[in-house]
Amino acid sequence: MDFNPADAVEQPTGPRLLDPGTYELKVQDAEERVSSKGNPMIALVLEAVAHPGVQIREYLVATQAAMFRIRNFCEAAGLLEKFNAGRLTEDDCRGVTVRARVMVEEGGEYPDKNRVEEYLKPGGIPTGDDVGGAPAHAAPSAGGGHQGIDEDDIPF
């Protein structure tokens, strides 16, 4: 067999990562599972809408300590009625789009990976530098970049 050994060097060594910021993420897949500690959970595969192919894996685990995370996801996904009823299925999750603040988690001996820091309520004000993959400063709003604040009142 013949091959080019340089191909091994030129290939990416880990997953493509999003810069920290706020993104729209679509649930590409959801699967009901049992966690390693025996708790029911839904494993999510989220894909950045503006960056096809960039995926984040997240886990919604039904424990008292992680219940805020399930509520946070349901609120962002428009599934609050499912949360309030106490029943969320993999089918409920598939295909929904959420806004989320994404971070980079250092992997140490493993490659770094993206994690969802927080799911954001629909219609909320973006809190990161990046919204759906475009820098927030790249597209100023019609009222200017300072949302009604006179430029002379900005202290810097």
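See the structure printed just above.
Now for a look at the structure at hand. (Residues numbered from 1 in each chain as written. Predicted model: local features only at pLDDT ≥ 70, side-chain atom pairs only at ≥ 80, totals over all residues. Heavy atoms only, no water.)

1. Regarding the packing of aromatic side chains
Thinking step 1. This structure, assessed with the given rule, holds one aromatic pair.
Thinking step 2. With a centroid separation of 5.3 Å and 80° between ring planes, the pair formed by Phe-73 and Tyr-119 is classed as edge-to-face. Of the two residues, Phe-73 sits in helix H2 (residues 67-77) while Tyr-119 sits in strand S5 (residues 113-120), which places them 46 residues apart along the sequence. The same class applies to Phe-73 and to Tyr-119, which are both buried. (Phe/Tyr/Trp six-rings, centres within 6.5 Å; stacked < 30°, edge-to-face > 60°. Helix = DSSP H or I, 4+ residues; strand = E, 2+ residues; numbered from the N terminus. Buried < 20%, exposed > 50% of the residue type's maximum accessible area, 1.4 Å probe, protein only.)

2. A few points about the nonpolar core
Thinking step 1. Counting 26 residues, the largest nonpolar core has Leu-25, Leu-44, Phe-73 and Tyr-119 as its most contacted members.
Thinking step 2. Put simply, the parts of the chain that give this core at least two residues each are strand S1 (21-34), strand S2 (40-48), strand S3 (55-61), H2, strand S4 (97-105) and S5.
Thinking step 3. A total of five residues in this core trace back to one element, the largest contributor, which is H2.
Thinking step 4. Apart from the residues lying within four places of it in its own chain, the contact partners of Tyr-119 are Leu-44, Leu-46, Glu-58, Arg-69, Asn-72, Phe-73, Ala-76, Val-98, Arg-99 and Ala-100. (Core = buried A, V, L, I, M, F, W, Y, C linked by side-chain atoms within 4.5 Å. Contact = heavy atoms within 4.5 Å.)

3. Here we look at the layout of surface pockets
Thinking step 1. A volume near 280 Å³ is recorded for the second largest pocket.
Thinking step 2. Lining the second largest pocket are 14 residues, with Pro-40, Ile-42, Ala-62, Ile-70 and Leu-88 positioned closest to its centre.
Thinking step 3. Among the elements of the structure, S1, S2, H2 and helix H3 (80-85) are those that each provide at least two residues to the lining of the second largest pocket.
Thinking step 4. For the lining of the second largest pocket, the element with the highest residue contribution is S2, accounting for three residues.
Thinking step 5. Residues of the lining of the second largest pocket, tallied by class, amount to nine nonpolar, one polar and four charged. (1 Å grid on protein atoms, 1.4 Å probe; cavity = no way out; pocket = protein on both sides within 12 Å on 5 of 7 lines; lining within 4 Å. Points joined across faces, edges and corners; volume = space filled by probe spheres on them. Nonpolar A, V, L, I, M, F, W, Y, C, P; charged D, E, K, R; others polar.)

4. Considering the pattern of salt bridges
Thinking step 1. Tallied over the entire structure, the rule returns eleven salt bridges.
Thinking step 2. Here Glu-117 ties to Arg-101 by a salt bridge, and the two come within 3.9 Å at their closest N and O atoms. Here Glu-117, found in strand S5, pairs with Arg-101, found in strand S4; they are 16 residues apart in sequence, far enough to count as distant.
Thinking step 3. For Glu-117, a relative accessible area of 43% corresponds to the partly exposed category.
Thinking step 4. Between Lys-113 and Glu-105 there is a salt bridge, with the nearest N and O atoms lying 3.9 Å from each other.
Thinking step 5. By relative accessible area, which is 31% here, Glu-105 ends up partly exposed.
Thinking step 6. Connected through salt bridges with shared partners, the residues Glu-58, Arg-69, Glu-105, Lys-113 and Arg-115 form a single ionic network. (Salt bridge = Lys/Arg side-chain N within 4 Å of Asp/Glu carboxyl O.)

5. Brief notes about the pairing of S2
For a regular strand, side chains alternate in direction, first toward one face of the sheet and then toward the other.
Thinking step 1. Counting buried positions over the nine residues of S2 gives eight, a clear majority of the element.
Thinking step 2. Note: S1 against S2, nine bridges, orientation antiparallel. Across the sheet, the residue bridging to Leu-25 is Ala-48, located in S2.
Thinking step 3. From the end of S1 to the start of S2, which pair antiparallel, there are five residues, and Gly-38 there has a positive phi angle of about 90°.
Thinking step 4. With seven bridges joining them, S2 and S3 adopt antiparallel strand pairing. Residue pairing for S3: Glu-47 is matched across the bridge by Gln-55.
Thinking step 5. Connecting S2 to the antiparallel partner S3 that follows it, the hairpin turn spans six residues, and Gly-53 within it adopts a positive phi of roughly 95°. (Pairing = 2+ DSSP bridges.)

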